[in-house]
Amino acid sequence: MNDLRLSSQDFFDWRKALLKKGGRVVDLDWLLDIGGGISWSQLQLLSLDAFSSIELNASKDQIEAIWEIHLEHHTPLQHLLGRCPWRDFELEVSSDALIPRQESELLVDFAQELVGEQDEGTWADLGTGSGALSVALARSLPGWIGHAVDCSTRALSLAKKNLQRLAPNENVHLHIGSWWQPIEPWWGAIDLVLANPPYIPDDLVKDLDPVVRDHEPHLALCGGSDGLSSSKLVISGAMEGLAVGGWLILEHHFDQSESVMEIMHQNGLEEVTYKNDLQGISRFAIARRP
């Protein structure tokens with residue numbers, strides 16, 4: 001008997017039993033999708049046909065074990081599976097770097113809007129982490145030279161794996177160090193910089209969901225007493241690091257928009273504006289070197 005194939009009724013009885021153990025529906029359905037190969041659309045179709053069946057990519061026991069570890073230890077499902085879909089590719093992820101969030105995909109969309117049809121240039125991803133932004137930029141701007149920077153050797157190693165697998169033929173250099181410092185030889189010649197720096201105020205970290213607080217690197221979360229320490233460093237280096245007319249796009253905390261844009265103005269940047277996230281909240285600041 002193939003224990004990977006379940007009738008519609010058996011599948012939904014099993015799913016209901018898993019949810020009775022705890023956790024969120026959205027998280028379980030994510031696990032069923034990425035771990036079990038049952039997409040949301042398949043799930044909807046299955047619910048409409050009581051006589052249909054479906055085949056899992058992993059056994060029920062394997063999926064149950066992952067779900068129970070997640071519930072007991074608050075371990076992110078992405079870490080338990082070692083992968084995370086993001087934009088149009090799937091990243092390798094681990095506790096060495098922040099799990100890329102869906103809203104951060106917008107950074108790449110904004111970047112593409114700003115550079116338009118420019119087929120050559122230089123970009124930098126400051127604080128690359130898993131390399132999500134670097135992979136996306138390398139794939140969407142194939143004629144450009146890229147620089148992926150991180151102060152964590154373990155995060156940079158993870159980014160290297162993702163770049164080698166997902167953008168192997170692109171011209172991307174990896175640098176260990178803090179923000180602008182390791183790419184000093186290219187200062188004044190960088191046309192586009194993306195950054196998603198740590199922005200959680202230190203005293204709020206303890207209140208984060210245990211899935212985040214206990215398993216993701218605090219180096220990528222803690223932004224100092226006001227949450228702006230790293231953002232200030234990125235912005236303060238922009239006038240020297242960017243090429244004339246170069247763009248900086250920075251993600252920040254949901255309540256930091258006005259502060260971040262004011263810091264950009266104070267540092268001499270122009271065309272300062274903001275963009276909203278998927279919930280309509282101002283979460284991205286954009287500015288240009290005059």
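Residue numbers run consecutively from 1 along every chain, following the written order of its sequence. The model is predicted, so local features are restricted to residues of pLDDT at least 70 and side-chain atom pairs to those at 80 or more, both for listing and for counting; the totals for chains, interfaces and linings are taken over all residues. Hydrogens are left out, water is left out, and the side-chain values use all remaining heavy atoms of the structure.

1. Notes on the pairing of strand β10 (residues 270–276)
Here is the rule: Each pair of strands is called paired provided DSSP finds at least two bridges between the two strands. The secondary structure listing takes helices from DSSP runs of H or I that are at least 4 residues long and strands from runs of E that are at least 2 residues long, numbered from the N terminus.
With five bridges joining them, β10 and strand β11 (residues 282–288) adopt antiparallel strand pairing. Bridging from a neighbouring strand, Thr 273 pairs with Ile 286 of β11. Connecting β10 to the next strand, β11, in antiparallel fashion are five residues, including Gly 280 with a positive phi near 80°.

2. Topic: the pattern of salt bridges
For clarity, the cut-off: Salt bridge, as applied in this entry: a Lys or Arg side-chain nitrogen positioned within 4 Å of an Asp or Glu carboxyl oxygen. Per-residue accessibility, obtained with a 1.4 Å probe over protein chains only, is compared with the maximum for each type, and a residue is labelled buried under 20%, exposed over 50%, and partly exposed between these values.
Per the counting criterion, the structure on display carries 16 salt bridges. For the salt bridge of Glu 92 with Lys 161, the shortest nitrogen-to-oxygen distance reads 3.7 Å. One end of the pair, Glu 92, is in strand β4 (residues 89–92); the other, Lys 161, is in helix α8 (residues 153–166), with 69 residues separating them in the sequence. For Lys 161, a relative accessible area of 43% gives the class partly exposed. Ionic pairing is found between Arg 283 and Asp 277, a salt bridge with its closest N-O pair at 2.9 Å.

3. Things to note about the sheet that holds strand β8 (residues 190–195)
The criterion, for reference: Helix axes use the C-alpha atoms of the stretch in contact, all axes being lines fitted to C-alpha atoms, and the angles between their N-to-C directions lie in the range 0 to 180 degrees. Two residues qualify as a contact provided that any one of their heavy atoms is within 4.5 Å of a heavy atom in the partner residue.
On the basis of which strands lie adjacent, the open sheet formed by seven strands has the order β7-β6-β5-β8-β9-β11-β10 and mixed pairing. Taken across any chain shown, the strands that pair with only one partner, and hence form the sheet edges, are β7 (172–176) and β10. On average, adjacent strands in this sheet sit at an angle of 15° to one another, irrespective of strand direction. Bridging between strand β5 (residues 122–126) and β8 involves four bridges; their strand directions are parallel. Counted as the bridge partner of Trp 123 is Leu 192 from β8. Along the sheet, helix α6 (residues 105–115) contacts β8, β9 (242–251), β10 and β11; its crossing angle with β9, the most-contacted strand, is approximately 155°.

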